[in-house]
Amino acid sequence: MAVATPYSDQTDEQRAITEMVRQFVDEQVIPIAEEHDAEDKFPEAVVEQMKELGLFGVTIPEEYGGMGLDLTTYAMIVEELSRGWISISGIVNTHFIGSYLLMKFGTDEQRQKYLPRMATGEIRAAFSLSEPGLGSDVQAISTRARKDGDDWVINGQKMWVTNGLRSGLVFLLAKSDPDAQPAYKGMTCFICEKEPGKEVNEGPYKGLTIPPKIKKMGYKGVESTELVFEDYRCPAENVLGGEEAGLNKGFGQMMDALEVGRVNVAARGVGIAQRALELALKYSQERRTFGKPIAEHQAIQFKLADMATKVEAARLLTRKAARMKDAGERSDLEAGMAKLFASETGKEVVEEAFRIHGGYGYSKEYEIERLYRDAPLLLIGEGTSEIQRMVIGRTLLKRHKI
Ligand SMILES: Cc1cc2nc3c(=O)[nH]c(=O)nc-3n(C[C@H](O)[C@H](O)[C@H](O)COP(=O)(O)OP(=O)(O)OC[C@H]3O[C@@H](n4cnc5c(N)ncnc54)[C@H](O)[C@@H]3O)c2cc1C
């Protein structure tokens, strides 16, 4: 929803979908967010409604039971979900990345096997790169996969896995050739099945344990966990893309998925900034100091002006990156710029809205307090701002080499 201007770049279909999602968020998400945040409780009922609305299959092709919509429309939906509560968008984010990996790199059998159940939300997906010793430096991954008969045996520890407990599939990057130089040439993406909600997996999924969820400052409700692999057996048919095409190709596949993931995080930044702006616009017209609403003080108006301008700019950058990807164009630079700008905008606009709330911003009675704890995650996930700047700088120089 554009605040500054009624101009819309949405098609009729996109407008109808985003209005539907906004209504859902206003009626079903915002009213429960505070309680679920306070108790760090998974929003089970909201997730069931999201399944009914088809939100787990937005980008999955219709032949597999999804909506078959493009990344641009998906980004618009994510913005709306994140406007309500970023944890809700976190539940679909890793799932979306998993379905993207299957659609782009999976074999026909892998697509047939997983996508229909992913489209309905019957199984949800997690995405696992990070380990206790690394996040930005993905090539330092130490989780090891060794071939044994028809299986790959996985050992190692993963960290910060969003949806780590409730997911039924984990798209996992592990080292399949430890001698490869450079290291990225020896990494494979494994589609690891597990039992959703089970801490100690048994039977065919034996060897995968999920320790208690990590306690976080914000981004509550959706769990972030470690995953401990001890002789977990992944059938060779679950190498993403099949062994012949997919072995030792995992790094490139995951980096490709991160590109769409970055558009997704950018959309989350726009959503949280949008909500903070709405709260600031409302509060500043209600709160009075020195005989008038604070919105009539120029210092507050200037803040509102900068906030709205940044939200609009972040939204445009995000949609441009999404449209380029949809058009099949290279969009690593644009996705990096969108992620950097929109996540920083999310944090800055939330902070300004917090300041506009004065002391009440510090009170749990006001929604902005939750946004203030939620926003910083966006500066970290899918690559920190420092890493985005590295990607943007390198790509710029590559594109403009003299
Ligand atoms: C709530 C939450 C959910 C997450 N969900 C997932 C998930 O689902 N799956 C997953 O795989 N990961 C997930 N992550 C992990 C996330 O991707 C990493 O935290 C992130 O990539 C940063 O890695 P790090 O924490 O190891 O920081 P580090 O890589 O150790 O970086 C520390 C600091 O150094 C900076 N830095 C690092 N390298 C450079 C450099 N070359 N130049 C300049 N500065 C540098 C970083 O920007 C940062 O400021 C999640 C994290 C959080 C907090």
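Residues numbered from 1 in each chain as written. Predicted model: local features only at pLDDT ≥ 70, side-chain atom pairs only at ≥ 80, totals over all residues.

*Asks:* Mind showing me how you'd approach the overall build of the protein chain here?
*Replies:* In terms of regular secondary structure, the protein chain is built from eleven helices and nine strands. Projected onto its principal axes, the C-alpha coordinates of the protein chain cover approximately 80 × 55 × 40 Å. Looking at the protein chain as a whole, 50% of its 402 residues are labelled buried. Long-range contacts, defined here as pairs at least 24 residues apart, represent 73% of the contacts in the protein chain between residues at least 6 apart. (Helix = DSSP H or I, 4+ residues; strand = E, 2+ residues; numbered from the N terminus. Buried ≥ 20, exposed ≤ 12 C-beta atoms within 10 Å, placed from the backbone. Contact = placed C-beta atoms within 7 Å.)

*Asks:* How do you make sense of the site of the ligand when you look at a structure like this?
*Replies:* Not every one of the 23 residues close to the ligand is listed here, only the nearest: Gly135, Ser136, Thr162, Thr384 and Glu386. Residues belonging to the shell around the ligand are distributed by class as follows: ten nonpolar, ten polar and three charged. Summarising the domain contributions, the shell around the ligand has at least three residues from each of domain 2 (125-249) and domain 3 (253-399). (Near = placed C-beta within 6 Å. Nonpolar A, V, L, I, M, F, W, Y, C, P; charged D, E, K, R; others polar. Domains from an automatic or database assignment.)

*Asks:* Please explain the environment of Val350 as it appears in this structure.
*Replies:* Along the polypeptide, Val350 turns up in helix α9 (residues 332-356). For the pair Val350 and Arg275, spaced 75 residues apart in sequence, the C-alpha to C-alpha distance is 8.4 Å. Discounting chain neighbours no more than four positions away, the residues touching Val350 are Ile272, Ala273, Ala276, Leu371, Tyr372 and Ala375.

*Asks:* What exactly am I supposed to notice about the domain arrangement of the protein chain here?
*Replies:* For interface size, the figure often reported is the accessible area lost on association. Structurally, the protein chain comprises domain 1 (12-120), domain 2 (125-249) and domain 3 (253-399). Computed over C-alpha atoms only, the centres of domain 1 and domain 3 are separated by 20 Å. With 22 residues of domain 1 at the interface, the matching set in domain 3 holds 22 residues. Sorting the residues of the side of domain 1 that touches domain 3 by element identifies α1 (12-39), α3 (71-84) and α4 (86-105) as the ones contributing at least two each.

*Asks:* Is there a simple way to explain the pairing of strand β1 (residues 125-128) in this structure?
*Replies:* Every other side chain in a regular strand lies on the same face of the sheet, so the side chains alternate between the two faces. Covered by surrounding structure in β1 are Ala125 and Phe127 together with Ala126 and Ser128, the residues of both alternating faces. Pairing of β1 with strand β4 (residues 169-175), which is carried by four bridges, proceeds in the parallel orientation. Counted as the bridge partner of Phe127 is Phe171 from β4. (Pairing = 2+ DSSP bridges.)

*Asks:* Is there a simple way to think about the packing of α1 against helix α2 (residues 44-53) in this case?
*Replies:* When two helices pack together, you describe them by how their axes are tilted relative to each other and by the distance separating the axes. In the contact formed by α1 and α2, the axes pass within 11 Å of each other and the chain directions differ by 160 degrees. With respect to α2, the element α1 is oriented roughly antiparallel. Handedness of the crossing formed by α1 with α2: left-handed. Contact with α1, carried on its side by Phe24, Gln28, Val29 and Ile32, involves Val46, Gln49 and Leu53 of α2 and no other residues of that element. A per-class count over the contact of α1 with α2 returns five nonpolar, two polar and no charged. (Axes fitted to C-alpha atoms, helices over the stretch in contact; angles between N-to-C directions. Parallel < 35°, antiparallel > 145°, perpendicular 65-115°, else oblique. Left-handed = near helix turned anticlockwise from the far one by under 90°.)

*Asks:* Please clarify how the nonpolar core should be interpreted in this entry.
*Replies:* In globular proteins that are soluble, nonpolar side chains generally tend to be buried together. Core analysis: the biggest nonpolar cluster contains 113 residues, and Phe190, Val263, Ala276, Val350 and Ala353 have the highest contact counts within it. The dominant element in this core, judged by the number of residues it contributes, is helix α7 (residues 250-286), at 17 residues. (Core = buried A, V, L, I, M, F, W, Y, C linked by C-beta atoms within 7 Å.)

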